[in-house]
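Summary of structural features
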Amino acid sequence: MKRNFITIGIGALVFIAFFMATPAMIRADECTADSIGNYFPRTSIESFVGIPAASITGKGINYSCNGGSLTYNFRLNIGDDGSYYKYKIYVALFKEGYPTTAHNRYLEQSDISYNSAGVIKSDQRTKVPLGIGDESTLITNPDYGNGAANPGLVVDYLGVARKGNAVFVVRASVVPNGNGMPPSLASKFNASNVSQEIKYLLSQAAKEPDRYSQTATPGPSVGRGGVSGATSCPQTSPYFPLNRVESIFGKKIGVANEFSKGSIEKLKKIIGAIDPNNSLFSDEPVVPGTLDWAACYIYFGSVSGQVSQDQIITSFTKMDSVENAHAMIAGLTTSQNAQATLLGQENIGDEGSLYKITGNYIGYEIIVRKGVMTFAVIYVNLNDKVKAEALLRMAAGDNQSSPTGQPSPSTSTKVTDLAPIIDSVSTSPTSAVLSAGKEFFHDQIGIVTFVDNNLILVIKGKNLKGATLKTDNIGLDGKSGIEFQGIRVSADRTMVAAQTTIKPTAKEGDTILTFTNSAGKSATAKIDILITGTQYLQRKFADNNNIRFFGDWPDYMPYQRVLNLEKSVKNGLQAINKNTYNKLGIMIQIYETNSWSNFQMAKYCPLSFMVVGCASPADRIIYIGEFTPPPGSNQTVEATVLHESAHKLHFYYEGSYIPVPSTANSFDKEWKSVLGNLKSCSYLPLLKDNSWSDRTKRPFRCGFDWSYGAYRVQDLVLPKFYEDVATLTETSRLNPARLNEIKASGDPRYIQKTNLLDKYDF
Amino acid sequence: MIFKNFISFYIVILIATPLFVFASPQDYLFVSFDYNHTTNVFNNISADQRVVDPLSVAGQDVGDYIMTLEDSQGIISQAKFFIPDPTKVETESLGNDAGAYGSPEYYSTTIGLALTRPVHADGGTLAVSHNGQILLSQKLSDTPIIILKSSSNSIIMPITEPIFPPYPADVVPSQGKILLWIVLGIIGLAVVSTGVYLFIRKSRNSQLPPAVPPEDSSLQ
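Residues numbered from 1 in each chain as written. Chains lettered and ligands numbered in written order. Predicted model: local features only at pLDDT ≥ 70, side-chain atom pairs only at ≥ 80, totals over all residues.

The subject of this paragraph is the overall build of chain A. The secondary structure content of chain A amounts to 21 helices and 27 strands. Sequence separation of at least 24 residues holds for 65% of the intrachain contacts in chain A that already meet a minimum separation of 6. (Helix = DSSP H or I, 4+ residues; strand = E, 2+ residues; numbered from the N terminus. Contact = placed C-beta atoms within 7 Å.)

Next up, the structure:
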């Protein structure tokens with residue numbers, strides 16, 4: 001069997017396993033406290049808005065399971081009188097059979113009237129989208145009307161999010177019985193903090209990609225519908241001992257399943273006997289020289305509940321020569337199921353590489369070579385890179401091809417006994433993310449600001465006494481991006497926990513963490529500082545003070561949607577990077593889809609239909625909504641940037657552009673003379689929806705690029721050519737194929753118009 | 001370029017240097033806001049700090065509205081801007097497959113304010129005036145600010161006491177250890193207290209005046 005089956009060909013089996021496991025995933029009989037804890041970790045709830053546990057004088061936690069919904073109910077009583085202040089955090093998870101029924105559940109949970117027990121005072125509450133999962137919302141004071149019965153009910157927040165078949169609910173409220181909140185609570189339980197926490201909890205709960213989505217690409221699945229039911233990996237364990245995996249990852253293994261050369265060949269025989277024409281393995285690429293291989297699928301945590309995405313894959317391959325082993329390291333083969341992209345080199349064993357895997361299985365793979373052996377670890381979570389490297393250092397050790405013994409990391413790192421050895425770096429709570437700040441979305445303004453991300457960094461290893469920590473992370477403000485304080489070492493010196501602050505200005509990407517012990521010896525580890533899509537866009541365009549992004553792209557990078565937007569905006573900027581446009585001082589404001597459609601579009605663009613952008617001669621601004629064009633439309637962000645900019649330039653040429661005063665030139669006159677007499681155009685006048693008289697829109701006719709180009713050209717009082725100029729500018733600059741097509745149509749106006757666009761440098 | 005002599009070279013340098021100086025990037029606070037044409041109110045104010053070329057901002061400093069950034073030491077920066085009259089112009093709204101014209105309710109823009117010295121968010125104020133009338137005055141600390149880049153002059157955000165999650169159990173001293181420290185502390189406190197008490201008592205014995213006045217006291 002070929003080695004790349006470990007990472008790629010296995011996708012086919014994964015599909016089988018997934019569909020076997022799917023019924024178990026969506027059944028409601030796994031309604032256990034443990035399963036909801038996977039989504040809303042108790043530590044996260046208890047640290048809600050940073051209220052110290054010490055100030056909680058009483059707390060009650062209960063679970064209930066009803067018809068598939070599962071609630072996790074915290075009631076924390078704070079104050080001198082334990083029953084006086086009722087501070088309640090309620091989280092719930094609804095598992096539905098289909099996205100449609102989940103959508104109905106989402107509507108039910110986010111319906112204000114459903115949640116209100118009393119008189120509704122709609123003016124006291126707001127409802128804003130959160131940009132989490134498939135749909136989400138945050139409602140402020142959903143039960144405010146109940147204030148008649150509880151006049152002291154001053155703050156109450158409800159967040160609901162749906163991802164695929166799952167609906168997540170977080171609600172937080174304080175009932176101080178009319179006497180006001182104690183200062184210790186009031187300073188923390190405010191609108192800003194609570195909204196941020198609810199958003200954080202929901203995004204964490206819905207974070208794991210498409211866990212419930214029936215249309216999603218499945219990852220490996222285990223649990224009750226697991227692949228083999230095996231709980232050990234006999235062939236890979238000599239290289240990757242399971243107890244060592246648990247130690248490095250700091251988590252218990254739920255299930256470990258092994259595939260190997262032998263087991264797959266058996267499976268092929270079985271499938272072949274049932275269906276000789278089965279093409280299950282037909283796309284399996286061939287890696288020459290593979291003598292033996294095995295891969296261990298390791299799933300952490302309980303497997304009695306939901307199918308876990310918290311997993312890694314360890315594997316080894318024995319090749320017939322160093323050359324063939326080297327060939328594997330140098331380039332992972334790809335198939336239709338998965339694609340591998342080389343990200344960099346790894347200094348482990350004789351050589352090593354880091355790949356990003358996309359396709360049916362999404363994650364990262366580090367593969368290293370030692371002699372004719374290759375060892376690989378695949379992991380999903382970016383933060384697990386250091387741990388994967390620790391496992392591989394151990395596997396590669398100094399053993400050549402024989403899986404005998406497990407060399408300790410201290411042997412492989414070749415340091416003295418006094419030098420610190422870092423096996424792993426993680427966070428506490430484990431749900432904490434190594435991100436540059438924690439975000440807070442100011443929904444009314446449509447911007448995101450960031451506060452310090454305070455967490456506990458946990459380092460496991462050896463010789464960790466007397467720790468000092470530092471990083472090479474210099475932030476955007478030129479100051480240290482990461483700060484440490486309160487460093488504690490465990491009694492056995494194998495673990496260090498440090499209070500860590502990651503500043504919102506911290507540099508994203510690889511950061512070297514240097515640990516120095518009391519002997520003055522140092523060791524380093526790499527950590528990856530994440531930024532959200534919003535931060536990415538802000539940082540990418542920070543040098544251009546004429547472009548701003550509004551709304552929230554909360555997912556951590558790399559995030560394809562944001563990369564697409566970045567590319568589209570750059571293309572748009574490139575298209576207007578000319579002296580004619582530059583002198584206009586155009587400012588571009590890009591709005592995230594939800595923010596645009598729910599708030600901003602109606603504020604800045606004057607009409608109610610779904611617009612993608614707008615511009616006025618009165619100011620420098622171009623308002624543009626993030627927009628994915630439907631099939632058949634070319635109205636991308638870059639096209640909209642150019643279209644609206646062409647309007648500004650046209651305004652300038654006719655002397656109506658207020659920000660930069662000008663005198664009208666002859667452009668409009670020349671354009672009008674090219675248009676000629678439009679009475680002969682049988683497709684005019686346009687219909688009410690701006691389509692040609694035959695109800696089509698896109699065909700080019702009568703010298704216009706498409707029907708909207710003829711908008712207002714036949715106005716009796718004051719004909720305008722704005723749209724004719726803007727639509728043809730788009731095509732001439734961004735769509736050369738269509739330009740050639742319309743030029744070749746025989747209508748001389750197209751050539752004359754494009755010549756005019758060139759002459760006036762649109 | 002070849003210079004005939006050093007003097008002409010220096011002349012070129014002297015002429016060119018001010019241009020280079022002015023063109024060097026510097027800290028700016030860009031303030032974005034909405035203006036409601038119906039209510040004439042400024043709201044949704046936010047700001048971002050960047051380091052940009054002043055030439056890219058200079059041309060925008062026109063209009064009869066003035067935005068001012070100041071603190072207790074005085075004015076840090078000012079910039080002019082204008083509010084367009086929505087009744088006199090139309091905004092084109094481009095749809096996916098159509099478009100139309102009309103008047104929007106809001107106007108949104110961004111004003112660049114040069115940061116000539118560091119500003120504490122706690123003490124800084126943003127103000128908008130028009131014909132000598134103050135239309136808006138808002139503390140910087142009440143304004144959402146994003147720092148995208150800074151060099152020498154920055155907005156100094158207020159320092160807040162960080163709140164960290166609890167340490168993992170393995171590095172938190174055990175209850176037995178805590179009790180031991182408490183017991184040792186109590187014993188130590190008792191020893192110190194006894195010592196202090198004995199010292200004071202000894203001092204009082206040697207220095208305190210007699211409780212009863214002397215026989216020849218004038219009080220009699």
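Right, let's talk about the interface of chain A and chain B for a bit. Interfaces are frequently sized by the accessible area removed from exposure as the parts join. If you look at the interface, chain A gives 70 residues, while chain B gives 50 residues. For the side of chain A that touches chain B, the element with the most residues is strand S26 (residues 611-615) of chain A, which contributes five residues. Class assignment for the residues of the side of chain A that touches chain B results in 33 nonpolar, 25 polar and 12 charged. Sheet topology note: the S26(A)/strand S5 (residues 91-95) of chain B ladder contains four bridges and is antiparallel. Across the sheet, residue Gly613(A) finds its bridge partner in S5(B), namely Leu94(B). (Nonpolar A, V, L, I, M, F, W, Y, C, P; charged D, E, K, R; others polar. Pairing = 2+ DSSP bridges.)

Whenever strands of a sheet pair, they do so through backbone hydrogen bonds, lying parallel or antiparallel. Residue and element names in this part refer to chain A. Ordered in space as S19-S22-S23, the three strands form an open sheet in which the pairing is antiparallel. The outermost strands of the open sheet, each flanked by one partner alone, are strand S19 (468-471) and strand S23 (522-529). Within this sheet the neighbouring strands show an average axis-to-axis angle of 25 degrees, counted without direction. Summarising the sheet, strand S22 (residues 509-516) and S23 pair through eight bridges and their orientation is antiparallel. (Axes fitted to C-alpha atoms, helices over the stretch in contact; angles between N-to-C directions.)

Residue and element names in this part refer to chain B. Within the open sheet, the four strands sit side by side as S4-S3-S9-S10. Their pairing is antiparallel. Strands at the two margins of the open sheet, each flanked by one partner only, are strand S4 (74-81) and strand S10 (133-139). Across the sheet, the mean angle separating the axes of adjacent strands is 20 degrees when strand polarity is ignored. In the sheet, strand S3 (residues 65-71) pairs with S4 via seven bridges, with the strands oriented antiparallel. Bridging across to S4, Ile66 finds its partner in Lys80.

Take helix H10 (residues 322-330) of chain A next. Residues and elements named next belong to chain A. Of all the positions in H10, only Ala325, Met328 and Ile329 are classed as buried. Seen from one end, H10 has its buried residues packed into an arc of 100 degrees, which puts them on one side. In H10, the exposed residues that point more than 90 degrees away from the buried face are Glu323 and Ala330. (Buried ≥ 20, exposed ≤ 12 C-beta atoms within 10 Å, placed from the backbone. Arc of directions from axis to C-beta.)

All names here are of chain A. Mean pLDDT over chain A stands at 74; residues scoring 70 or higher make up 69%. Below pLDDT 50 for its whole length, residues 1-31 participates in 83 contacts with residues either more than four positions away or in separate chains. This stretch, residues 77-85, has a pLDDT under 50; its non-local contacts, to residues over four places away or in other chains, come to 27 contacts. (pLDDT = per-residue confidence, 0-100.)

A few words on the nonpolar core. Among the nonpolar cores identified, the biggest contains 126 residues, and Ile459(A), Ile624(A), Leu29(B) and Val31(B) are the most heavily contacted of them. With nine residues, the single largest contributor to this core is helix H17 (residues 637-653) of chain A. Look past the residues within four positions of Leu29(B) in its chain and what remains in contact with it is Ala47(B), Gln49(B), Leu69(B), Leu113(B), Leu115(B) and Ile155(B). Counting 46 residues, the second-largest nonpolar core is a separate cluster that includes Ile312(A), Ile367(A), Ala390(A) and Ala395(A). (Core = buried A, V, L, I, M, F, W, Y, C linked by C-beta atoms within 7 Å.)

Right, let's get into the packing of helix H8 (residues 242-249) of chain A against helix H11 (residues 385-396) of chain A. All names here are of chain A. Where H8 contacts H11, the two axes come as close as 10 Å, and the packing angle between them is 145 degrees. Pair H8 / H11 crosses with right-handed handedness. Side by side, H8 and H11 meet where Arg244, Val245, Ile248 and Phe249 of the first sit next to Lys387, Ala390, Leu391 and Met394 of the second. Partitioning the contact of H8 with H11 into residue classes produces six nonpolar, no polar and two charged. (Left-handed = near helix turned anticlockwise from the far one by under 90°.)

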